[in-house]
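Overview (structure and organization)
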Amino acid sequence: SQFKIAIIAGSLRKDSYNVRLGQAISSMLPEGFEAKLIEIGDLPLYNQDEDYTPAASVARLREEIKGVDAVIFATPEYNRSIPGVLKNALDHASRPWGESVWQGKPAGVIGVAGGAIGTAMAQQHLRNILAALNMPTMGHPEAFLQYSDDLFDDQGGIGAKSRDFVQGWVDSFAKWVKTHVK
Ligand code: FNR
């Protein structure tokens with residue numbers, strides 16, 4: 001494929017809606033795009049002392065991000081921000097200083113939550129972090145999904161009610177990537 005996309009879900013829960021959203025999105029990208037879901041549950045807690053002696057999982061994360069053109073974050077909202085596990089992954093791959101593998105990679109932010117404002121505050125916090133990481137992040141369309149039993153269909157895709165909406169977001173993101181990657 002011409003464009004490689006990393007998809008990172010900010011939840012370690014076995015039946016995570018955001019993992020399911022990431023999986024659904026991975027099969028909705030247009031031709032020429034290839035998606036890979038990135039594991040973050042095996043990372044140790046970030047410790048600056050280990051910047052130059054990373055655990056195998058940290059080295060793997062950095063290599064995986066290095067190898068993609070862009071990143072999609074599917075984040076839950078925990079207490080009106082992003083989960084610590086996602087921040088942990090972002091911090092790990094931002095170091096050592098000057099060697100951040102996030103540098104310049106276009107990003108998309110999406111998420112599903114139980115609450116009615118569905119990850120709006122978490123996404124805004126995440127945008128702040130992605131700005132610090134110099135990741136050009138798609139501003140519009142935004143996508144705040146509230147979980148309901150019909151959000152996903154039986155095949156793990158997006159259910160009929162939200163399918164066109166999510167597909168629109170995915171198509172816009174693909175265009176965003178093309179304008180930022182040569
Ligand atoms: C939540 N949840 C939640 N929901 C929300 O809309 N706003 C919030 O601030 C929070 N805060 C929060 C904190 C913690 C510690 C937990 C465990 C949960 C509920 C959350 O949306 C729900 O658990 C989702 O299912 C989490 O996403 P995953 O794990 O399904 O991807």
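Per an unreviewed UniProt entry, the chain goes by NADPH-dependent FMN reductase and derives from Orrella marina.

We now examine the overall build of the chain. Per the secondary structure count, the chain includes 5 helices and 5 strands. Seen in sequence order, the chain has helices and strands lined up from the N terminus as β-α-β-α-β-α-β-α-β-α. A globule of 182 residues ought to have a C-alpha radius of gyration of about 16 Å, and the chain, at 15 Å, matches this closely. Taking the principal axes of its C-alpha atoms as reference, the chain extends roughly 45 × 35 × 25 Å. Of the contacts formed within the chain by residues at least 6 apart in sequence, a portion of 78% connects residues at least 24 apart.

So, about the site of the ligand. Every one of the 13 residues lining the ligand counts as a neighbour, but Ser11, Asn18, Pro76, Ala113 and Gly115 are closest to it. A class-by-class count of the residues in the shell around the ligand yields 4 nonpolar, 6 polar and 3 charged.

On to the nonpolar core, then. In this structure, Ile5, Ile7, Ile8, Val71, Ile72 and Phe73 are the most contacted members of the largest nonpolar core, which totals 47 residues. The contact partners of Ile72, leaving out residues within four places of it in the chain, are Ile5, Ile7, Ile25, Gly108, Ile110 and Phe173.

When pLDDT is averaged along the chain, the result is 97, and 100% of the positions lie at 70 or above. Taken together, the chains of this predicted complex give a pTM of 0.98 and an interface ipTM of 0.99.

Right, let's talk about the UniProt feature "domain: NADPH-dependent FMN reductase-like" (unreviewed entry) in the chain for a bit. Annotation from UniProt places "domain: NADPH-dependent FMN reductase-like" (unreviewed entry) at residues 4-145. Between the first and last C-alpha atoms of residues 4-145 the distance is 25 Å; the span itself is 30% helix and 18% strand.

Calculation rules
Residues numbered from 1 in each chain as written. Predicted model: local features only at pLDDT ≥ 70, side-chain atom pairs only at ≥ 80, totals over all residues. Helix = DSSP H or I, 4+ residues; strand = E, 2+ residues; numbered from the N terminus. Rg over C-alpha atoms; globule rule 2.2 N^0.38 Å. Contact = placed C-beta atoms within 7 Å. Near = placed C-beta within 6 Å. Nonpolar A, V, L, I, M, F, W, Y, C, P; charged D, E, K, R; others polar. Core = buried A, V, L, I, M, F, W, Y, C linked by C-beta atoms within 7 Å. Buried ≥ 20, exposed ≤ 12 C-beta atoms within 10 Å, placed from the backbone. pLDDT = per-residue confidence, 0-100. UniProt positions renumbered as here; feature names shortened; annotations may be inferred.

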